[in-house]
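# Residue-level structural notes
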Amino acid sequence: MKRVIQINIGVDIGGNHIGIGIIDEQNNIVKKEITDYINNEVTADQILNVLNDFLKNNDMSGVNFIGIGIPGVATNTFINYTCNMPLSNVEIRDYVHTELPIKVSNDANCAALAEYTLGNYESVKNFALVTVGTGIGGGIVINNKLYTGSSNSAAELGHMIIEKEGLKCNCGRRGCFEQYASVTALKRLTNLDTLEEIFYLLDKKNPVILDVFDKYLESLSEGLANLVNILDLDMLVIGGSISEYRDKFLSLLEEKIRSKLYNKINSKFRLETAKFSNDAGIIGASLLEKEEI
Ligand SMILES: [Zn+2]
């Protein structure tokens, strides 16, 4: 039998459900529970009581730490702000009944931590995960440490401006990266409903879709090259729903990013797609234990 010295709990609080996992010291999920919220009117009590029930109903001996990822801004055990969820200004310790150490962080930061720590990137020091899906989000690792900024709201990559006076964004500004380079933007530009349809027509060499897709990759590479140039990244990882179509875009995207790099001589930059999908949030949250956040 495998000897387990250290176990952590990883919690991923999303807009529709809460995922809770028991993670062993090899970073494997040994048990996982996904609970859908009863309805959209769910309260902080109801969300966090799912965690309380989990802690009550499972053997907690050997558990050292609870890490929690949330879609928003958090500082240590205090959730400053969550988007469209009843968890803003919530002190986790007021709701979760445990003496165990707890840390809360942004869910995209947790996903970045999981990709970085478990993606075999030992030689990589400066790393970013960029999720390209409904919007664009991500997390940044600098000198092997998660970079969270001075008020824990760093890495809002989707809201860098790539088109001054451009399309209006939900954040209140105009011309944000995600308005041009998210999967939502790609669907709008192609007038198609799914990535499956888009990549099918690309395979068929549909001239209209080929042209639109090339312009889309141009926008995507614009924002990503900004990021690589600012941080001198050695590894950039693309996650989100587009990453499932890796073979259809990765080399073309890399070529477009390379053509925009400031350092054309000895940049260590490499491009990859994410290795973990749905479990990255849970595993990443459990890894917060070693991070100073
Ligand atoms: Zn924006």
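When helices and strands are tallied, the protein shows eight helices and 13 strands. Taking 19 Å as the expected radius of gyration for a compact globule of 293 residues, we find that the protein reaches 20 Å, a close match to that expectation. Looking at the protein as a whole, 36% of its 293 residues are labelled buried. Long-range contacts, defined as pairs at least 24 residues apart, comprise 63% of the intrachain contacts of the protein with a sequence gap of at least 6.

A rise of 1.5 Å per residue sets the reference length of helix H2 (residues 107–118), with its twelve residues, at 16 Å; its end C-alpha atoms lie 16 Å apart and thus fit the reference within 8%. Across the twelve residues that make up H2, a large majority, ten, are buried. Within the sequence span of H2, burial applies to Asp107, Ala108, Asn109, Cys110, Ala111, Ala112, Leu113, Ala114, Glu115 and Tyr116.

As a further point, take helix H7 (residues 246–258). Relative to the 18 Å expected for 13 residues at 1.5 Å per residue, H7 spans 17 Å between its end C-alpha atoms, a close match to the ideal helical length. What H7 keeps buried is the set Phe249, Leu253 and Ile257. Each buried residue of H7 sits inside an arc of 65° when the element is viewed along its axis, so together they form one side. Exposed positions of H7 whose direction lies more than 90 degrees from the buried face are Asp247, Ser251 and Glu255. Residues of H7 that are buried make contact with helix H6 (207–231) and strand E13 (270–273).

Phi is positive for asparagine 27, close to 65°, though the residue is something other than glycine. Assignment of secondary structure puts asparagine 27 in the loop between strand E2 (17–23) and strand E3 (29–36). Residue asparagine 27 is classed as partly exposed on the basis of its 15 C-beta neighbours within 10 Å. Of note, aspartate 232 is a non-glycine position whose phi angle comes to about 50°, a positive value.

Examined at the domain level, the protein breaks down into domain 1 (7–111 + 279–290) and domain 2 (122–273). The set of elements that each furnish at least two residues to the side of domain 1 that touches domain 2 consists of strand E5 (72–75) and H2. Here the residues of the side of domain 1 that touches domain 2 sort into four nonpolar, three polar and no charged.

We now examine the sheet that holds strand E10 (residues 136–142). Strand order in the open sheet made by the five strands is E11-E10-E9-E12-E13, with mixed pairing throughout. With one partner strand each, in any of the chains shown, strand E11 (145–147) and E13 form the two edges of the open sheet. Strand after strand, the sheet turns through a mean of 25° between neighbouring axes, direction not considered. Sheet topology places strand E12 (residues 235–239) next to E13; four bridges connect them, and they run parallel. Across the sheet, residue isoleucine 238 finds its bridge partner in E13, namely threonine 273.

Now for the environment of leucine 287. Mapping leucine 287 onto the fold places it in the segment after helix H8 (280–286). For leucine 287, a count of 23 C-beta atoms within 10 Å translates into the label buried. Along the backbone, leucine 287 and lysine 264 are 23 residues apart, and their C-alpha atoms lie at a distance of 35 Å. What leucine 287 contacts, discounting residues up to four positions off in sequence, is Gly67, Leu113, Ala114 and Thr117.

Another aspect to go through is the sheet that holds E3. As a general point, the strands of a sheet are linked pairwise by backbone hydrogen bonds and lie either parallel or antiparallel. Taking strand neighbours across the sheet as the criterion, the five strands line up as E3-E2-E1-E4-E8 in an open arrangement whose pairing is mixed. Edge positions in the sheet fall to E3 and strand E8 (102–106), since each of these pairs with one other strand and no more. If you compare each strand with its neighbour and ignore which way they point, the axes differ by 15° on average. Here E2 pairs with E3 via seven bridges, running antiparallel. What sits directly across from isoleucine 23, in E3, is isoleucine 29. The sheet strands contacting helix H1 (residues 44–57) are strand E1 (7–13), E2 and E3, and the helix crosses E2 at an angle near 25°. Of the strands in this sheet, E1, strand E4 (63–70) and E8 touch H2, which is tilted by about 100° from E8.

So, on to the nonpolar core. Across soluble globular proteins, nonpolar side chains show a tendency to be buried alongside one another. Ranked by size, the top nonpolar core spans 71 residues in total, and within it Val11, Ile68, Ala112, Val130, Ala181 and Leu236 carry the most contacts. The dominant element in this core, judged by the number of residues it contributes, is H2, at seven residues. Per-domain counts for this core show at least three residues from each of domain 1 (7–111 + 279–290) and domain 2 (122–273). The contact partners of alanine 181, leaving out residues within four places of it in the chain, are Val132, Ile136, Tyr216, Ser219, Leu220 and Gly223.

Conventions and cut-offs
Residues numbered from 1 in each chain as written. Predicted model: local features only at pLDDT ≥ 70, side-chain atom pairs only at ≥ 80, totals over all residues. Helix = DSSP H or I, 4+ residues; strand = E, 2+ residues; numbered from the N terminus. Rg over C-alpha atoms; globule rule 2.2 N^0.38 Å. Buried ≥ 20, exposed ≤ 12 C-beta atoms within 10 Å, placed from the backbone. Contact = placed C-beta atoms within 7 Å. Expected span 1.5 Å × (residues − 1). Arc of directions from axis to C-beta. Domains from an automatic or database assignment. Nonpolar A, V, L, I, M, F, W, Y, C, P; charged D, E, K, R; others polar. Pairing = 2+ DSSP bridges. Axes fitted to C-alpha atoms, helices over the stretch in contact; angles between N-to-C directions. Core = buried A, V, L, I, M, F, W, Y, C linked by C-beta atoms within 7 Å.

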